[in-house]
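A structural walkthrough
For reference, the chains in residue letters:
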Amino acid sequence: MRVILCGANHGVRLYDGDRVTAYASVWVVDWSERGCGNAIVLWHNGVVRLLAENAELGRWLERDFTRHFPEADGLPWPEPTPETVWVNVGLDLARGFSARAGDVEITGSTILDRRAFETDEFVLGGVQHGLRLVLAPIAEATINIGGKRVPGVVTSGGSPERPTSSAFLTTAEVWSRPDDRSAQ
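Anyway, here's the lowdown on the structure attached to this text. Keep in mind the model is a prediction, meaning the values are calculated, not measured.

On to the overall build of the protein chain, then. The helix and strand inventory of the protein chain stands at 1 helix and 14 strands. Computed over its C-alpha atoms, the radius of gyration of the protein chain comes to 16 Å, within 12% of the 16 Å expected for a compact globule of 184 residues. In terms of principal-axis extent, the alpha carbons of the protein chain reach across some 55 × 40 × 30 Å. Taken across its 184 residues, the protein chain has 47% of its residues classed as buried.

Here is the structure:
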């Protein structure tokens, strides 16, 4: 497998009953084939916003990753509105994360668990990927747009030994793809 991205990706999916009110994918890319930087992909009210420091990197994260994540399943996904802005992301594996870009602010807190995850069978848009990371489901998260809190709450489940949540943070995240250079 060939490494294509190293960093972190935090996610928040808010619900009002069974209805998704917002989904945010917060990226911290330390290194990738497309450069490095931070980005937020935000779905709300049927609109996708792409807030990124590096426009090319942001488009790649949205097109090749976020739109294919299980958290985006069932959401109408139009072409994003790209915004080149500074994205500030803070991570504390003991407390949670925060992210700001333009008029968007996202926070996640109350860590439920920390565990390692790895697979070589993570298919995104029909393309096989490998993924290794440390996952921390979180109990509370908010998304604010233009100073107003988006309605909705985090949902959680699982067991006390292995809790799950519609919000999480990751660290030590490494994405890979089969090394097509070995066939040459």
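Additional details are given in the paragraphs that follow.
Along the chain, Ser166 falls in the loop between β13 (163–165) and β14 (167–177). The exposure class assigned to Ser166 is buried, which follows from its relative accessible area of 10%. Beyond its immediate stretch of four places on either side in the chain, Ser166 contacts Gly11, Val12, Arg13, Tyr15, Val154 and Thr155.

Once that is clear, we can look at the pairing of strand β8 (residues 104–111). Here 6 bridges tie strand β7 (residues 96–101) to β8, and the two strands are oriented antiparallel to one another. Across the sheet, residue Ala101 finds its bridge partner in β8, namely Val104. Taken together, β7 and the strand that follows it, β8, pair antiparallel across an intervening segment of 2 residues, in which Gly102 is found at a positive phi of about 55 degrees. Taken together, the 7 bridges between β8 and strand β10 (residues 127–145) define a ladder with antiparallel strand orientation. When the bridges of β10 are listed, Ser109 appears paired with Glu140.

Moving on: the packing of aromatic side chains. Two aromatic rings, taken as a pair, are described by how far apart their centres are and by the angle between their planes. Applying the stated criterion across every chain, the model contains 7 aromatic pairs. Measuring from centroid to centroid gives 6.0 Å for Phe69 and Trp175, while their planes differ by 15 degrees, and the two rings are stacked. Here Phe69 is found in the loop between α1 (55–65) and β5 (81–84), whereas its partner Trp175 is found in strand β14, with 106 residues between them in sequence. Residues Phe69 and Trp175 agree in their burial class; the two are buried. Taken together, Trp27, Trp60, Phe65, Phe69, Phe122 and Trp175 form an aromatic cluster joined through their ring pairs.

For α1, the set of buried residues is Leu57, Gly58, Trp60, Leu61, Glu62 and Phe65. Its side-chain oxygen 3.1 Å from the backbone nitrogen of Glu56, Asn54 forms the N-cap of α1.

A word on the state of the cysteines. Going through the model one piece at a time under the given rule, you end up with 0 disulfides. Unpaired in this structure, Cys6 has its nearest cysteine sulfur neighbour in Cys36, at a distance of 11 Å.

Let us look at the pattern of salt bridges. Scanning the entire structure with this criterion turns up 13 salt bridges. The partner of Glu79 in a salt bridge is Arg63, and the shortest N-O contact between them spans 3.0 Å. Residue Glu79 is found in the loop between α1 and β5, and its partner Arg63 is found in helix α1; the two are separated by 16 residues along the sequence. Glu79 sits in the partly exposed class, given a relative accessible area of 48%. Exposure remark for Arg63: the relative accessible area of 38% places this residue in the partly exposed category. Here the salt bridges do not stand alone but share partners, grouping Glu62, Arg63, Arg67 and Glu79 into one network.

Basis of the calculations
Residues numbered from 1 in each chain as written. Predicted model: local features only at pLDDT ≥ 70, side-chain atom pairs only at ≥ 80, totals over all residues. Heavy atoms only, no water. Helix = DSSP H or I, 4+ residues; strand = E, 2+ residues; numbered from the N terminus. Rg over C-alpha atoms; globule rule 2.2 N^0.38 Å. Buried < 20%, exposed > 50% of the residue type's maximum accessible area, 1.4 Å probe, protein only. Contact = heavy atoms within 4.5 Å. Pairing = 2+ DSSP bridges. Phe/Tyr/Trp six-rings, centres within 6.5 Å; stacked < 30°, edge-to-face > 60°. Polar contact = N/O pair within 3.5 Å; in protein donor to acceptor, adjacent residues only side chain to side chain. Disulfide = S-S within 2.5 Å. Salt bridge = Lys/Arg side-chain N within 4 Å of Asp/Glu carboxyl O.

Any functional reading would require information that these geometric values do not contain.
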